[in-house]
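Fold and contact review
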Amino acid sequence: MTVRNDVISLVQADHRRIEVLFKRLLLNQQDPGPAISALHALLTAHLRAEEDVFYPLLNAHHGFAQHKEAEVHLDALRRADAGTPGLTEALHQLVVSVMAHFCDEETTILPILARSMTGEELAELGAAFRDARQRELDALRGRPAEGEPRRATGRFGTGKTGVQEVLTTL
C-alpha cells in the first residue's frame, strides 16, 4: 500500500494498521504479547502525534478525551493475562473505543482539515505528524534521541525487537 505524505493519508494509514493489529489479537489471544506490544507502540505514538500536531489547530478537545479513554483500555489490555476472559473484555473495550474515535476523526476532523488547508499545508502537517509519531515510537522502543549513541537491542543484538518485527509486517 502506497501512502501519500499528507496528514490525512498518514492518519488513515495508521488507522488501517491499528485495525490489522486488532484483527491479529482477536484471532490469537493465547500468545498476544508481540501484537499487544506493537499495538501499544503504534497507538500511543499515533495518539500523541495527533495531540501534538493537528489537534491544537482545530481546538479538538473531544479528541483528547477519546485518547485518554483509549489509553485506559490499552493499559487494561496490557495487564490482562493471555487466553483469559479479562483479555477478551479488555480487547473488546479498546476496539469499541478506538473504532468510534477513528470513525469520528475520519468523518469530522479529517474533512475539516481537507476543506481548510491547501495540499502544501497538508503535506507540511503530514511531515510534522510523521516526525512526531517517529519520535514517540523511538522513545517507546527505548531508542536514543538524535545525536545520542545507539545501543544494541532486540534479539541476539540484531537491533530488531518483537515489536519492530510485528510493525514491519503491517
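Residues numbered from 1 in each chain as written. Predicted model: local features only at pLDDT ≥ 70, side-chain atom pairs only at ≥ 80, totals over all residues. Heavy atoms only, no water.

Running from N to C, helix H1 (residues 7–27) and helix H2 (residues 33–53) cross one another at 155°; their axes reach a closest spacing of 10 Å. Judged on the interaxial angle alone, H2 and H1 are roughly antiparallel. When the axes of H1 and H2 are compared, the crossing they make is left-handed. Listed contacts from H2 to Val 11, Asp 14, His 15, Arg 17, Ile 18, Leu 21, Phe 22 and Leu 25 of H1 are Ala 35, Ile 36, Ala 38, Leu 39, Leu 42, Leu 43, His 46 and Glu 50. Partitioned by chemical class, the residues of the contact of H1 with H2 number 11 nonpolar, 2 polar and 3 charged. (Axes fitted to C-alpha atoms, helices over the stretch in contact; angles between N-to-C directions. Helix = DSSP H or I, 4+ residues; strand = E, 2+ residues; numbered from the N terminus. Parallel < 35°, antiparallel > 145°, perpendicular 65-115°, else oblique. Left-handed = near helix turned anticlockwise from the far one by under 90°. Contact = heavy atoms within 4.5 Å. Nonpolar A, V, L, I, M, F, W, Y, C, P; charged D, E, K, R; others polar.)

The next subject is the packing of H1 against helix H6 (residues 119–140). Viewed as axis vectors pointing N to C, H1 and H6 meet at an angle of 40°, and their least axial separation amounts to 7 Å. The angle between H1 and H6 falls in the class oblique. Residue-level inspection shows Val 7, Ile 8, Leu 10, Val 11 and Asp 14 of H1 in contact with H6, the latter providing Leu 122, Leu 125, Gly 126, Phe 129, Arg 130 and Arg 133. Broken down by class, the residue content of the contact of H1 with H6 amounts to 7 nonpolar, 1 polar and 3 charged.

Under the definition given, this model contains 8 salt bridges. Arg 133 is the salt-bridge partner of Asp 14, the closest N and O atoms lying 2.9 Å from each other. Note that Asp 14 is positioned in helix H1 and Arg 133 in helix H6, a separation of 119 residues in sequence. The buried category is assigned to Asp 14, whose relative accessible area is 0%. A relative accessible area of 11% means that Arg 133 is categorised as buried. Members of the salt-bridge network, linked through shared partners, are Asp 14, Arg 17 and Arg 133. (Salt bridge = Lys/Arg side-chain N within 4 Å of Asp/Glu carboxyl O. Buried < 20%, exposed > 50% of the residue type's maximum accessible area, 1.4 Å probe, protein only.)

The final tally for this structure, using the stated rule, is 3 aromatic pairs. Relative to Tyr 55, the ring of Phe 54 lies with its centre 5.3 Å away and its plane at 75°, an arrangement referred to as edge-to-face. Taken as a pair, Phe 54 and Tyr 55 share a single burial class, namely buried. Between the aromatic rings of Phe 54 and Phe 129, the centroid separation amounts to 6.3 Å while the plane-to-plane angle is 45°, which identifies the pairing as tilted. On the criterion of sequence distance, the pair formed by Phe 54 in the loop between H2 and helix H3 (55–58) and Phe 129 in helix H6 is long-range, its members being 75 residues apart. Residue Phe 129 is classed as buried on the basis of its relative accessible area of 0%. Through a chain of ring-to-ring contacts, the aromatic side chains of Phe 54, Tyr 55, Phe 64 and Phe 129 assemble into a single cluster. (Phe/Tyr/Trp six-rings, centres within 6.5 Å; stacked < 30°, edge-to-face > 60°.)

Next up on the list: H6. Given 3.6 residues per helical turn, the α-helix brings residues three or four places apart onto the same face. The end-to-end C-alpha separation of H6 is 31 Å, in line with the 32 Å expected for 22 residues at 1.5 Å each. All of the buried residues in H6 are Leu 122, Leu 125, Gly 126, Phe 129, Ala 132, Arg 133, Glu 136, Leu 137 and Asp 138. At the C-terminal side of H6, Gly 142 shows a positive phi close to 80°. (Expected span 1.5 Å × (residues − 1).)

What follows covers the confidence of the model for the protein chain. On average, residues of the protein chain score 85 in pLDDT, and 80% of them are at 70 or above. Confidence, read as mean pLDDT per element, is least for helix H7 (residues 162–168) in the protein chain (53) and greatest for H1 (96). Every residue in residues 149–160 scores below 50 in pLDDT, and together they form 16 contacts with partners more than four places removed in sequence or on other chains. (pLDDT = per-residue confidence, 0-100.)

A few words now on the nonpolar core. Membership of the largest hydrophobic core comes to 22 residues, with the highest contact counts inside it found for Ile 18, Phe 22, Leu 39, Leu 43, Leu 77, Leu 94 and Val 98. Not counting the four nearest positions on each side in its chain, Val 98 is found in contact with Ile 18, Phe 22, Leu 43 and Ala 70. Listed in part, the 16 residues of the second largest apolar core include Val 11, Val 53, Leu 122 and Phe 129. (Core = buried A, V, L, I, M, F, W, Y, C linked by side-chain atoms within 4.5 Å.)

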